[in-house]
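Commentary on secondary and tertiary structure
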Amino acid sequence: MNDAIHLFAPNKVVSRNTVRWLVTFQLLMLVAIWVFSPTVFLPKPGEVFQSLHDLWFEGLGSELITSFYLNLQAIALSAILSLLLAYATVIPFFRPIVALLSKLRFLSMVGLTFFFTLMATSGHELKLFLLVFSVAVFFVTGMAEVVAAIPKESFDLARTLRMGEWRVVYEVVVLGQADKAFEVLRQNAAMGWMMLTMVEGISRSEGGVGAMLLNQNKHFHLSAVFAIQLTILVLGLGQDYAIGLLRKICCPYAELTLERK
Amino acid sequence: MASHTYGKTLLKIDNVSLEYDGRPILKNVSAEIKDVIRPGCTTGQVVGFLGPSGIGKTQLFRIVAGLNPPTSGRVTINGVDRPVQAGQVGVVAQDYPLFEHRTVLSNLLLAAGQKENDSKVAHDKVMQYLTEFELSDKARLYPVQLSGGQRQRCAIIQQILCSDHFLLMDEPFSGLDLLMLERTCALIQKVANMDELNTIIVVTHDITAAASVADHLWLMGRDHDLNGNCLPGSHIVETYDLIERDLCWEPNIITQPRFMEFVREVKDRFRGL
Ligand SMILES: Nc1ncnc2c1ncn2[C@@H]1O[C@H](COP(=O)(O)OP(=O)(O)OP(=O)(O)O)[C@@H](O)[C@H]1O
Ligand SMILES: [Mg+2]
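Residues numbered from 1 in each chain as written. Chains lettered and ligands numbered in written order. Predicted model: local features only at pLDDT ≥ 70, side-chain atom pairs only at ≥ 80, totals over all residues. Heavy atoms only, no water.

**Brief notes about the overall build of chain B**
Within chain B, the regular secondary structure consists of seven helices and nine strands. In terms of overall size, chain B behaves like a compact globule, its C-alpha atoms giving a radius of gyration of 19 Å where 273 residues would be expected to give roughly 19 Å. Dimensions of chain B, computed from C-alpha atoms along their principal axes, come out at roughly 60 × 45 × 35 Å. Residues classed as buried in chain B amount to 50% of the 273 residues present. Put simply, chain B shows about 12,200 Å² of open surface, and 50% of that area lies on carbon and sulfur atoms. Positive and negative side-chain charges of chain B, numbering 27 and 33 respectively, have mean locations separated by a distance of 3 Å. (Helix = DSSP H or I, 4+ residues; strand = E, 2+ residues; numbered from the N terminus. Rg over C-alpha atoms; globule rule 2.2 N^0.38 Å. Buried < 20%, exposed > 50% of the residue type's maximum accessible area, 1.4 Å probe, protein only. Areas by Shrake-Rupley, 256 points an atom, 1.4 Å probe, with all protein chains shown as cover. Lys, Arg positive; Asp, Glu negative; His and termini not counted. Charge placed at Lys NZ, Arg CZ, Asp CG, Glu CD.)

Encoded structure:
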């Protein structure tokens, strides 16, 4: 009973069980709103699941694997690239370069695609380039900010322990910020899925869920569009959870000071 | 008065001045710490820099630690003709920083490994300190899981493991209750007396606590012009030799009338700054 009141008070910590009830209740509400929504164009759950069933037999599974593989490759590449670039900002020479790269966030893909096409040797490579570029500009911005925000005291501690400046960078910037790096990765890995549709639309040779989604959308098969979106959402949640779990395992200290665990 | 002699110079602050954008903060600060030798016992050194808030204690602290260079003058240790480098002097900053991403044990092993190449020896040394400072059962915890006092001890051990006998402490007495204050004073003396050459430099505005642990005190202050206005740039205005005054190495010294008399004297001088 107390827990029920706590649900509406600020900064209250509620038990796991209560949270489970709360989430179940809110999910049910969401489904109810969906089922009873008066909007004509909104496909009903039954239709969506029928579409999902049909799409599955049209090869949704293998398209998902294609897209997932592409996305994984892109996330890995942009993570490596962005982390290296962000760590490099400890060296003054690289700071303007990284600052410029992070400003490229404002550009759209239009026009840039042309140059990437010239560089790429295959459709897969083109999609990979586009994805890596569009994720990396956000990733490097987030991570460079993390590096810039490290307080002086952390560096001084490492120096008073007789570390050379390279060792200081490794201890304070790389190891010390690992938990935050995971968090930045988590945010930007989600961006990959958002960009996927666009990128797979530009080069459709390999297919993938993005291409499938665009096809269904063109023919106004809204229930199919919803079905595909739903699968992407589930996959994305899985990815988010996996990165979160990895962070928990690698950086157990990160959550110790939080009020909400 | 206890019999004692002085050995070699351990740390020398030589005419140190510091300016920020042309504004003088420190002006010709000089002080010399010598090895205090007492026959028959291992005696480390504890000295204190006293001064009101904003006088430049923390700035001097950073210079002595080798973290910031002075505008002119220099700090040398053990008579070596070279300015002090970061790492030679252990530094315990006010908030007791530790690497939050490492456990207590890992923090200490890292520090021990910086000086000791043999990992077995380093490990044994860490274990010995952990036992001595009652932290053995905390070895696997992360710094955020320690109490304030445990964190302080951990930060102190980390710095002793890595430095050459020197330990600088910025405001080690601030925000402590009576019991913790006494324990910190005892801790400082214990660490100091672990080795003949151990030297602890305390930077603080807590006169009583500093006087109860130190063998020498330096009071920092500024000059005044004829109208009583402060002139910029602080320096040492008074040096107190507590050995000379027979205020050292005596248990329960703080209950003695002559100690209270001394503290009153310093406080009066402090108010006049
Ligand atoms: N980065 C800086 N730039 C300019 N002035 C500074 C800077 N850092 C410190 N100061 C000045 O140096 C003076 C001494 O500061 P410091 O922190 O050493 O004082 P303190 O004696 O440690 O005082 P407290 O007891 O309050 O800690 C202050 O007047 C401060 O304004
Ligand atoms: Mg200070």
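**Some words on the interface of chain A and chain B**
Facing the 19 residues of chain A at the interface are 24 residues of chain B. Buried area between chain A and chain B, summed over both chains or domains, comes out near 1,900 Å², and the portion from carbon and sulfur atoms is 64%. Of all residues in chain A, Thr-160, Leu-161 and Arg-162 of chain A give up the largest surface area on contact with chain B, accounting jointly for 36% of the area buried on that side. One can count two salt bridges joining chain A with chain B. Note that Arg-62 of chain B is salt-bridged to Asp-156 of chain A, the shortest N-O span being 2.9 Å. (Contact = heavy atoms within 4.5 Å. Buried area = accessible area lost by both parts, 1.4 Å probe. Salt bridge = Lys/Arg side-chain N within 4 Å of Asp/Glu carboxyl O.)

**Section: the domain arrangement of chain A**
Taken as a whole, chain A is organised into domain 1 (1-36) and domain 2 (44-255). Using C-alpha coordinates to define each centre, domain 1 of chain A is positioned 31 Å away from domain 2 of chain A. (Domains from an automatic or database assignment.)

**Focus: the domain arrangement of chain B**
All names here are of chain B. Under the domain assignment used here, chain B contains domain 1 (5-88 + 166-271) and domain 2 (96-163). Put simply, the middle of domain 1 and the middle of domain 2, counted by C-alpha atoms, are 26 Å apart. Across the contact, 13 residues belong to domain 1 and 13 residues belong to domain 2. It is Leu-167, Leu-187 and Met-194 in domain 1 that bury the most area against domain 2; as a group they hold 37% of the surface buried on that side. At the junction of domain 1 with domain 2, the criterion picks out zero salt bridges. Inspection of the region where domain 1 meets domain 2 yields three residue pairs in polar contact (both at pLDDT 80 or more). Mapped onto the side of domain 1 that touches domain 2, the elements with two or more residues apiece are strand S6 (166-170) and helix H5 (178-192). The leading source of residues in the side of domain 1 that touches domain 2 is H5, at six residues. (Polar contact = N/O pair within 3.5 Å; in protein donor to acceptor, adjacent residues only side chain to side chain.)

**Notes on the pattern of salt bridges**
Scanning the entire structure with this criterion turns up 20 salt bridges over all chains. Close ionic contact of Lys-127 of chain A with Glu-206 of chain A constitutes a salt bridge, the shortest N to O distance being 2.9 Å. With Lys-127 of chain A in helix H7 (residues 123-148) and Glu-206 of chain A in the loop between helix H10 (178-202) and helix H11 (209-218), this pair connects stretches of sequence that are 79 residues apart. Judged by relative accessible area, which is 34%, Glu-206 of chain A ranks as partly exposed. One salt-bridge network, held together by shared partners, links Asp-156, Arg-159 and Glu-165 of chain A together with Arg-62 of chain B.

**Quick notes on the packing of H10 of chain A against H11 of chain A**
Axis angle and axis distance: for two packed helices, these are the angle between their axes and the distance between the axes, and together they describe the pair. All names here are of chain A. The contact between H10 and H11 brings their axes to 7 Å, and the two run at 70°. Accordingly, the angle class assigned to the pair H10 and H11 is roughly perpendicular. Across from Trp-193, Leu-196, Thr-197, Glu-200 and Gly-201 in H10, the residues of H11 making contact are Val-209, Gly-210, Ala-211, Leu-213 and Leu-214. Across the contact of H10 with H11, the residue classes tally to six nonpolar, three polar and one charged. (Axes fitted to C-alpha atoms, helices over the stretch in contact; angles between N-to-C directions. Parallel < 35°, antiparallel > 145°, perpendicular 65-115°, else oblique. Nonpolar A, V, L, I, M, F, W, Y, C, P; charged D, E, K, R; others polar.)

**Overview of a nonpolar patch on the surface**
All names here are of chain A. A contiguous nonpolar patch, built from Val-19, Val-23, Leu-27 and Leu-30 and spanning about 340 Å² of accessible area, is present on the exposed surface. With respect to the helices, strands and loops of the structure, Val-23 is situated in helix H2 (residues 16-36). For Val-23, a relative accessible area of 43% gives the class partly exposed. (Patch = residues over 30% accessible without salt bridge, like charges linked within 9 Å, V, L, I, M, F, W, Y side chains within 5 Å.)

**What to know about the nonpolar core**
Residues and elements named next belong to chain B. Residues Ile-200 and Leu-217 are the most contacted members of the largest nonpolar core, which totals 85 residues. Broken down by element, this core gets its largest block of residues, seven residues, from helix H4 (residues 148-162). If we ignore the near neighbours within four places in the chain, the residues touching Leu-217 are Gly-48, Leu-50, Ala-210, Ala-211, Glu-238, Thr-239, Tyr-240, Leu-242 and Phe-262. Val-16, Leu-18, Phe-61 and Trp-218 belong to the second-largest nonpolar core, a separate cluster that totals 31 residues. (Core = buried A, V, L, I, M, F, W, Y, C linked by side-chain atoms within 4.5 Å.)

**Looking at the environment of Leu-110 of chain B**
Position of Leu-110 of chain B among the secondary structure elements: in helix H2 (residues 104-115). A relative accessible area of 10% means that Leu-110 of chain B is categorised as buried. With 12 residues separating them in the primary sequence, Leu-110 of chain B and Ala-122 of chain B have C-alpha atoms 9.2 Å apart. For Leu-110 of chain B, the contacting residues outside a window of four places in its chain are Met-163, Arg-167 and Glu-171 of chain A together with Phe-99 and Arg-102 of chain B.

**Brief notes about the pairing of strand S9 (residues 230-241) of chain B**
Residue and element names in this part refer to chain B. Pairing analysis gives eight bridges linking strand S8 (residues 216-224) to S9, with the strands arranged antiparallel. Across the sheet, the residue bridging to Leu-217 is Tyr-240, located in S9. Following S8, the chain reverses through five residues before pairing antiparallel with S9; Gly-228 in that reversal takes a positive phi of roughly 85°. (Pairing = 2+ DSSP bridges.)

**Focus on the pairing of S8 of chain B**
When strand S3 (residues 45-50) of chain B meets S8 of chain B, the two strands line up parallel, connected through four bridges. Residue pairing across strands places Gly-48 of chain B opposite Leu-217 of chain B, the latter belonging to S8 of chain B.

**A short note on helix H3 (residues 45-57) of chain A**
Residues and elements named next belong to chain A. Helix length check: H3 (13 residues) gives 19 Å between terminal C-alpha atoms against 18 Å at 1.5 Å per residue, within 8%. Buried within H3 we find Pro-45, Val-48, Ser-51 and Leu-55. Take H3 and look down its axis: the buried residues cluster within an arc of 120°, on one side only. More than 90 degrees from the buried face of H3, the exposed residues found are Gly-46 and Phe-57. At its buried positions, H3 is contacted by H2, helix H4 (60-88), H11 and helix H12 (222-250). Gly-59 lies just past H3 and shows a positive phi near 105°. (Expected span 1.5 Å × (residues − 1). Arc of directions from axis to C-beta.)

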